[in-house]
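Take a look at the letters that make up each chain.
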Amino acid sequence: MKTTQYIALPELCTHYRMEMSFFHGLRDYGLIEIISVEKTHCIHKDYIADLEKMIRLHKDLKLNFEGIDTVLNLLNKIDLLQKELNSTKNRLQRFEDL
């Protein structure tokens, strides 16, 4: 059976030098999911990369939660458009090869 690993919020606060309220704000805005494991608030390890991106947006660009959400949505749309463009290029290439 696959074991899931979680990282405790107090450890993340120490590592990233962030207040606990920042993580709770991200949760309240729906940007992250915090679960309780043995009475400790934690985040699943698979979401750490996304969390680091949010922390950088907050620290480097001084974005609030709404700004972070907007930037992440725009980045997701760009990624989808790039995938669609690549798919269209591949289909076009097949016709050009005929």
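Rules behind the numbers
As a convention, each chain's residues are numbered from 1 in the sequence order in which they are written. Local features in this predicted model are restricted to residues of pLDDT 70 or higher, and side-chain atom pairs are both shown and tallied only at a pLDDT of 80 or more, whereas totals for entire chains, interfaces and linings draw on every residue. For the side-chain quantities, the full set of heavy atoms in the structure was used; hydrogens and water were omitted. Only buried Ala, Val, Leu, Ile, Met, Phe, Trp, Tyr and Cys residues count toward a nonpolar core, and they belong to the same one when joined by side-chain atoms within 4.5 Å. Only protein chains enter the calculation, and the probe is 1.4 Å; a residue is then buried if its accessible area is under 20% of its type maximum, exposed if over 50%, and partly exposed in between. Helix and strand definitions here come from DSSP, where helices need a minimum of 4 consecutive H or I residues and strands a minimum of 2 consecutive E residues; each element is numbered from the N-terminal end. The contact criterion used is simple: two residues touch if any of their non-hydrogen atoms lie within 4.5 Å. When DSSP finds at least two bridges between two strands, those strands are taken to pair. Here, axes are lines fitted to C-alpha atoms. For helices the fit covers the stretch in contact, and angles between N-to-C directions go from 0 to 180 degrees.

For this particular structure, what's the right way to read the nonpolar core?
General note: in soluble globular proteins, nonpolar side chains tend to be found buried as a group. Grouped together as the largest cluster of nonpolar side chains are 20 residues, with contacts concentrated most on L12, F23, L26, I32, I43, L51 and I68. Going through the elements one at a time, α1 (9–16), α2 (20–28), α3 (48–61) and α4 (65–97) are the ones with two or more residues in this core. For this core, the element with the highest residue contribution is α3, accounting for 5 residues. With near-sequence residues (within four places) excluded, I43 lies in contact with Y6, I7, L9, L12, F23, I32, E33, I34, I48 and L51.

In this structure, what is going on with the sheet that holds strand β3 (residues 40–44)? I would like to understand it.
What the 3 strands build is an open sheet, ordered β1-β3-β2; its pairing is antiparallel. Of all the strands in the sheet, just β1 (6–8) and β2 (35–37) have a single pairing partner and so form its edges. Put simply, the sheet's adjacent strands are angled 55° from each other on average, direction ignored. With 3 bridges joining them, β2 and β3 adopt antiparallel strand pairing. Bridge pairing links V37 to T40 in β3. Each of β1 and β3 touches α1; the most contacted strand, β1, lies at about 65° to it.

I would appreciate a short explanation of α2 in the present structure.
Helical geometry: 3.6 residues make up each α-helical turn, so side chains three or four residues apart lie on a common side. Residues F22, F23, H24, G25 and L26 constitute the buried set of α2. Those residues of α2 that are buried are in contact with α1, β3, α3 and α4. One or two steps after α2, the chain reaches G30, where phi turns positive at roughly 85°.

Quick question: what am I supposed to make of unusual backbone geometry here?
Glycine aside, a negative phi is what most residues show, and trans is what most peptide bonds show. Here the phi dihedral of R17 falls at roughly 55°; this positive angle occurs in a residue that is not glycine. You can see R17 is positioned in the loop between α1 and α2. In this model, K62 sits at a positive phi of 60°, which is unusual for a non-glycine residue. Relative to the elements of secondary structure, K62 occurs in the loop between α3 and α4.

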